[in-house]
Amino acid sequence: MTGKSRFYVTTAIPYVNAEPHLGHALELVQADVLARHRRLRGQGVRFLTGTDDNALKNVTAARAAGVTVAEFVGSNAARFYQLRRPLALSFDDFIKTSADPRHRPGVVRLWRQCADRGDFYRRSYQGRYCAGCEQFYAPEELAGGVCPEHGLVPEPVTEQNWFFRLSRYTGELLDALESGRVRIEPTTRRNEVLAFVRAGLRDFSVSRPAARAHGWGIPVPGDPDQIIYVWWDALANYVTSLGYGGPDEQPYQDWWVNSAERVHVVGKGITRFHAVYWLALLLAAGQPLPTAVYVHEYLSVDGAKLSKSAGNAVSPSELASRFGTDAVRWWLLRDVARLGDTDFTAERLVHRANSDLANGLGNLQQRTLTLVHKYRHGRIAPPAPASPAAPGSELSLACQALPHRIDQALARFDFRPATAAICSVVQAGNRFAETERPWELARRAERRDHAAAARLDEVLGVLTGACRTLATEAGPFLPGGSATLSEQLSPQHGAIAPPVPVFARQQPPADPLPLAPALGAGCRRDLGP
Ligand SMILES: [Zn+2]
């Protein structure tokens, strides 16, 4: 595997003070599609996710739950790991920042490298701290005196902190962002980041007194009275999971230093941490930057912001068990807007699953294989190279163009045009069947019309070829369904089995949606408070 063909993709690591909700599922599924798509194209892929255990709010939530912090983060982190099966996630690695032995040495090393550059100084600091965000706010950042993410009044805090000289890196950051060396998608988010950097960067606090953190977290090297700020600690996971600062740095060399692309998928609430602070930290440590940061939007449920306290935190596992993994993934990929928040309702999910999967992709294959079964004794035509002159050329051309259309959309991290491209080939397939009317060709062939028999073979060949292309290209989006579609197209002993529908028609639920049970206090910042 050469570096040119390696692709490294990460999600943000969520705080584990509450159950996973649909916003987490969105980010995980998006990153999973990118990983599966690159694997399908033959690239080496490493897909990382995990949990951010070292937040102060975990300490608070554990106390409220009456358990130790280690027990609390341990059991909650497991709930995030367990999304793997219901969401069909293909992550290669899962890091828990409090318990993973790879994490601390890398965080300490990054700290020391920045310290060696003279990028830290200690001073007394007075500010307003939102524990929900784990962030100090300047007065002008507070809308009406409250945190913009949580709507809560941040508490005044006066303490000694280590500060990072972010202001030093303004020029280098602008260069990295303006040149496109680090791509921020979508463009709206890139422009926001550029405006923020151009306005001038202020140094920021990167430690907390150990007493306020109740000893939870990683001590500042050489100053055990201070704990490294949880954001500094958390951002480092993207390289500590690769062995950075540890005994074996080969994965770091392979997947960070020498990979062709290093992509972070994050929610819009934490753009600044990834597109500014993380880059500055890497610049200070003399390490390569990520190549892209893709910023997704938030979800609401039935018109309300995703929030445990509002009682609308839909559980992704419950949704998958009710509607199926593919239906949940498809809705997240097909309906969630690139800009602006999207409202989830079960009716929308059901509508998408029925129109695109049951009546679309699934039905095209079902009717094709039914014809093959009925008129050709289940003998399916072998895959043939599509040619522009071939019968059904509109459909053949659409099939030929499909991989490229998906590649282009996913290169921009744009999931809706990618899934729409699949639907457009399904529609071309249905048009082709309606135009060619293979059932009529079959009736004529039975009356010894040899031209009709030959045309029927061609038409069924084109249709099964389209089904093959669709089954393959849908793989990253619908891993379960596409595997079943492919199996149906691979006959045992020369003939296919009578086809059965791959995607069931769904009914909207009569009873209310399953909600994620509440787990302790606090809320979650990067995927909607
Ligand atoms: Zn907040």
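Residues numbered from 1 in each chain as written. Predicted model: local features only at pLDDT ≥ 70, side-chain atom pairs only at ≥ 80, totals over all residues. Heavy atoms only, no water.

### Regarding the environment of threonine 291
Looking at the secondary structure, you find threonine 291 in the loop between helix H10 (271-285) and strand S13 (292-296). Of the residues examined, threonine 291 reaches a relative accessible area of 18% and is grouped as buried. Put simply, threonine 291 and tyrosine 137 are 154 residues apart on the chain and 29 Å apart in space, counted from C-alpha to C-alpha. Not counting chain neighbours up to four residues away, the residues in contact with threonine 291 comprise Arg181, Val182, Arg183, Ala260, Glu261, Arg262 and Val263. (Helix = DSSP H or I, 4+ residues; strand = E, 2+ residues; numbered from the N terminus. Buried < 20%, exposed > 50% of the residue type's maximum accessible area, 1.4 Å probe, protein only. Contact = heavy atoms within 4.5 Å.)

### Quick notes on helix H3 (residues 69-81)
Helical geometry note: an α-helix holds 3.6 residues per turn, so side chains three or four residues apart project in the same direction. If you check H3, its first and last C-alpha atoms are 18 Å apart, about what 13 residues at 1.5 Å a residue would give, namely 18 Å. Buried within H3 are the following residues: Val69, Phe72, Val73, Asn76, Ala77 and Phe80. Buried residues of H3 fall within an arc of 120° about the axis and therefore sit on the same side. Summarising the contacts, the buried residues of H3 are in contact with helix H1 (22-40), strand S2 (44-51), helix H2 (56-65) and strand S3 (93-96). (Expected span 1.5 Å × (residues − 1). Arc of directions from axis to C-beta.)

### What about the packing of aromatic side chains?
Counting across every chain of the model gives 25 aromatic pairs. With a centroid separation of 4.7 Å and 75° between ring planes, the pair formed by tyrosine 125 and phenylalanine 136 is classed as edge-to-face. With tyrosine 125 in strand S4 (residues 120-130) and phenylalanine 136 in strand S5 (residues 135-137), this pair connects stretches of sequence that are 11 residues apart. As far as burial versus exposure is concerned, tyrosine 125 and phenylalanine 136 are alike and both buried. The structure contains a cluster of three or more aromatic residues connected by ring pairs, namely Trp111, Phe120, Phe164, Tyr169, Phe204, Trp231, Trp232, Phe273 and Tyr277. (Phe/Tyr/Trp six-rings, centres within 6.5 Å; stacked < 30°, edge-to-face > 60°.)

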